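Each chain, letter by letter, is given below.
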Amino acid sequence: MTTVATPALSTPPPEALVAPPGLAGVIVATTALSDVRGQEGFYHYRQYDAVDLARSCSIEEVWHLLLRGHLPDPDELAAFRATIADGQLLPDEVVQALDGLAADTPPATNPMTRLRTALSMLGGGLGLQPVWDLTPEQRERDAIRVAAQVPVLTAAAYRRSQGLDPVGPRPDLGYTANHLWMITGEEPTDEHVMALERYLCLTVDHGFNASTFTARVVASTGADVAAGVVAALGALSGPLHGGAPSRALDSLDAIGTPDNARPWADAQLAAGNRIMGFGHAIYRGKDPRSELLRETAEELGGPLADLAVAAERAIDDALDAARPDRTLRANVEFYAGVVMHECGIPREMFTPTFAVSRAMGWTAHILEQARDRKIIRPSARY
Ligand SMILES: CC(C)(COP(=O)(O)OP(=O)(O)OC[C@H]1O[C@@H](n2cnc3c(N)ncnc32)[C@H](O)[C@@H]1OP(=O)(O)O)[C@@H](O)C(=O)NCCC(=O)NCCS
């Protein structure tokens, strides 16, 4: 075999554009779905402020907006809810395949790994075809089916891992209430549904984050909708992206009491650790999502919310002292864990719950990307 000495980093051809680390600030597509402008605290879904939507809309309305471009009227909403409910039904052979998967999966398997595997199997079981070969109507049908299955599959896998029988969705409950119902097997309170609905609405989409970009790269190859969502799930599972809320709650456990928050944060920063639930690639200041989730956590009340509010203040001070060059503030994940915990969601289901909302955003992005017939294919320096 002929080998050549590895040269120093190659000189890019004169026409090449060399992207900055992390592709930060590089515009890679055109979207009508959402926009985030960190400096201004601007966060929109289509033509609406996302935080306003989270205060006043159901998740089904927000999903309809993202998918079809407008908020539904009552008839459209009823029809859309029925379409989602249909999408949550599984063919018997898929249920059997998933039962086999549950029996074969070691109990300690991470819930995101279970979900990824189940969704992959679902794509095969439903016989999903490449979006390249489908009409816009068929693509939308697949997008709704795949996204609507995320809460069903993740709750079923969780319950099986606990030795419990899965609980199917109830047509008389809304999407958010069903998510709680399928995890706990208990009918949730209105207060918990309202709090979780806000969380889901706030996290449906968020510009070109890592998992959304991943879904769009896969869609640009013409692959089926489930393939894009499975890839996005992999990106979301990382601790720097969607894996942070349970770690943020672990931090609150470690802090224990408000007095201990500052010494704990100072020690973490002195050791070179990152504080989970703080900082953001886009926001250089307050994350508008964390503001509404703090308010929601305070409305739910309880000692955990009180501890989180005190800890946030102390961690802000510690970060300001350690990193005077940056403004690192609480991101969506910090209060997400508190809200989900108070709603009765077990810690290991935090990131899968994030996936429940983001799957609606990913699939809307997949449909948008599928209309563009250019494959995403950048280059690298060797
Ligand atoms: C979200 C995150 C990945 C963004 O990363 P990024 O775009 O590289 O962040 P920035 O450019 O603002 O900041 C990078 C610098 O600030 C520091 N920093 C950022 N977030 C920090 C945190 N939470 N704790 C301590 N230091 C932090 C980094 O160590 C880095 O320092 P360096 O330049 O000396 O290497 C990062 O803030 C982080 O890891 N946060 C914790 C994980 C988390 O909460 N993720 C959920 C995101 S919604």
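A quick note: this is a predicted structure, and the numbers were derived from the prediction, not measured.

## Remarks on the sheet that holds strand β2 (residues 42–45)
Across the sheet, 3 strands lie side by side as β1-β2-β3; this open sheet has antiparallel pairing. In the strand order of this sheet, the two ends are held by β1 (34–37) and β3 (48–49), each with one partner.

## Some thoughts on the pairing of β1
One face of the sheet, then the other: side chains in a regular strand alternate in exactly this way. Residues S34 and V36 line the buried face of β1, whereas the alternating positions D35 and R37 sit on a face that is not buried. Inspection of the sheet shows β1 paired to β2 by 4 bridges, in the antiparallel sense. Across the sheet, residue R37 finds its bridge partner in β2, namely F42.

## Focus on the site of the ligand
Around the ligand, the structure places 20 residues, and the nearest of them are R274, I275, G277, F278 and R323. Take R274: an N or O atom from its side chain is 2.8 Å from an oxygen atom of the ligand. One of the side-chain N or O atoms of N331 is found 2.9 Å from an oxygen atom in the ligand. Of the residues contributing to the shell around the ligand, the split by class is 9 nonpolar, 6 polar and 5 charged.

## Details of the domain arrangement of the protein chain
Frequently, the measure chosen for interface size is the accessible area that the parts lose on association. If you check the domain split of the protein chain, you get domain 1 (51–237 + 348–370) and domain 2 (244–342). Computed from C-alpha atoms alone, the centre-to-centre distance between domain 1 and domain 2 is 28 Å. Between domain 1 and domain 2, the contact holds 18 residues from the first and 21 residues from the second. Both sides together, the interface formed by domain 1 and domain 2 hides about 1,600 Å², and carbon and sulfur atoms give 70% of it. On the surface where domain 1 and domain 2 come into contact, there are 2 salt bridges. Counting the contacts that link domain 1 with domain 2 gives 5 residue pairs in polar contact (both at pLDDT 80 or more). Listed by contribution, the elements that provide at least two residues to the side of domain 1 that touches domain 2 are α1 (50–56), α8 (190–202) and α16 (350–370). It is α8 that provides the largest number of residues to the side of domain 1 that touches domain 2, a total of 8 residues.

## Observations regarding the environment of R262
Mapped onto the elements of the fold, R262 is located in helix α12 (residues 261–270). In this structure, the C-alpha to C-alpha distance between R262 and V332, residues 70 residues apart in sequence, is 21 Å. In this structure R262 touches A314, D317, A318 and A321, once residues within four positions along its chain are discounted.

The rules we used
Residues numbered from 1 in each chain as written. Predicted model: local features only at pLDDT ≥ 70, side-chain atom pairs only at ≥ 80, totals over all residues. Heavy atoms only, no water. Pairing = 2+ DSSP bridges. Helix = DSSP H or I, 4+ residues; strand = E, 2+ residues; numbered from the N terminus. Buried < 20%, exposed > 50% of the residue type's maximum accessible area, 1.4 Å probe, protein only. Near = heavy atom within 4 Å. Polar contact = N/O pair within 3.5 Å; in protein donor to acceptor, adjacent residues only side chain to side chain. Nonpolar A, V, L, I, M, F, W, Y, C, P; charged D, E, K, R; others polar. Domains from an automatic or database assignment. Contact = heavy atoms within 4.5 Å. Buried area = accessible area lost by both parts, 1.4 Å probe. Salt bridge = Lys/Arg side-chain N within 4 Å of Asp/Glu carboxyl O.

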